[in-house]
Amino acid sequence: MTTVGVLALQGSFNEHMAALRRIGVKGVEIRKAEQLQAVDALIIPGGESTTMAKLAHCHNLFPALREFVSTGKPVWGTCAGLIFLANKAIGQKSGGQELIGGLDCIVNRNFFGSQLQSFETELSVPKLAEEEGGPNGFRGVFIRAPAILEVGPDVEILADCPVPLETKKNIMSVDNGQEEEMLVSCERVIVAVRQGNLLGTAFHPELTSDLRWHSFFLKMKKDSSDRSLQCVPTLGTDLEDSRGKRHFNLPIYE
Ligand SMILES: NC(=O)CC[C@H](N)C(=O)O
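Residues numbered from 1 in each chain as written. Predicted model: local features only at pLDDT ≥ 70, side-chain atom pairs only at ≥ 80, totals over all residues. Heavy atoms only, no water.

Enquirer: Give a detailed account of helix α2 (residues 49-58), specifying residues and quantitative values.
Expert: The set of residues buried in α2 consists of S49, T50, M52, A53 and A56. Projected down its long axis, α2 carries its buried residues within an arc of 160 degrees, all on one side. Away from its buried face, by an angle of more than 90 degrees, α2 presents the exposed residues K54 and C58. Two or three places before T50, at the opening of α2, E48 has a side-chain oxygen 3.1 Å from that residue's backbone nitrogen. Count one or two residues on from α2 and you reach N60, which has phi positive near 50 degrees. (Buried < 20%, exposed > 50% of the residue type's maximum accessible area, 1.4 Å probe, protein only. Helix = DSSP H or I, 4+ residues; strand = E, 2+ residues; numbered from the N terminus. Arc of directions from axis to C-beta. Polar contact = N/O pair within 3.5 Å; in protein donor to acceptor, adjacent residues only side chain to side chain.)

Structure follows, in structure tokens:
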């Protein structure tokens, strides 16, 4: 049976665990390096990437996380998790932050502005619809979200979105009490990518009732000899884990 690890240091790991339960896949909260050996795929949730990096450093998780990425097992970073997976992040707090790396892209950490500039928008996701069915659109929940500014040649763009007027007007991005100039000249930015075994989304699919990104991720596999990671939809039900503990699905945005 497929087991998916969810990095559970900080951020929206509970929501990813609940999404996995809803599609009938076993999720395991990962807090220690050795736990990674027992999982087939890994989700790095949204939250706050600097804090997550400090916690990962304290728990000596970086070597094991980098090793996991290099094995070719599927790894999905959502929002702060996307920043964590990127080869380069700009707009970091002073002193910088450690990244896992592997995803050949440059992200801007708080591209869309502060928490107050969080927004929701309908994204066009043809690749997701092609592989998972359903509508061409997906409700993107962007919370103090990053954006992908540049991608390498092996990176497939799965979704982009127009830069909101508010972001364009915001030529100052405030971080750590310091104002830093951020000129927004582009009309659209990239918000979802795939590169081999790595998936990155700048938004939060785990906060919606549309589970297609989770199911899409579970079908990513190391090479053609691997069986795809199976999932059995159990929409709308609450599940017991292997120890008989009952978990209730969390409220989601409809
Ligand atoms: N919702 C999120 O994960 C926000 C990420 C945040 N911009 C960061 O730097 O970590």
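Enquirer: Account for the pattern of salt bridges, with residues named and values stated.
Expert: The tally for this structure, following the rule as stated, stands at 12 salt bridges. The salt bridge partner of E98 is R66, with a shortest N-O separation of 3.3 Å. Linking E98 in the loop between β5 (86-90) and β6 (103-108) with R66 in helix α3 (residues 62-71), this pair joins segments that are 32 residues apart in sequence. Look at E98 and you get partly exposed, because its relative accessible area is 31%. Between R139 and E120 there is a salt bridge; the shortest N-O distance is 2.4 Å. Residue R139 is found in strand β8 (residues 137-142), and its partner E120 is found in strand β7 (residues 119-124); the two are separated by 19 residues along the sequence. Overall, the relative accessible area of 31% leaves R139 in the partly exposed class. (Salt bridge = Lys/Arg side-chain N within 4 Å of Asp/Glu carboxyl O.)

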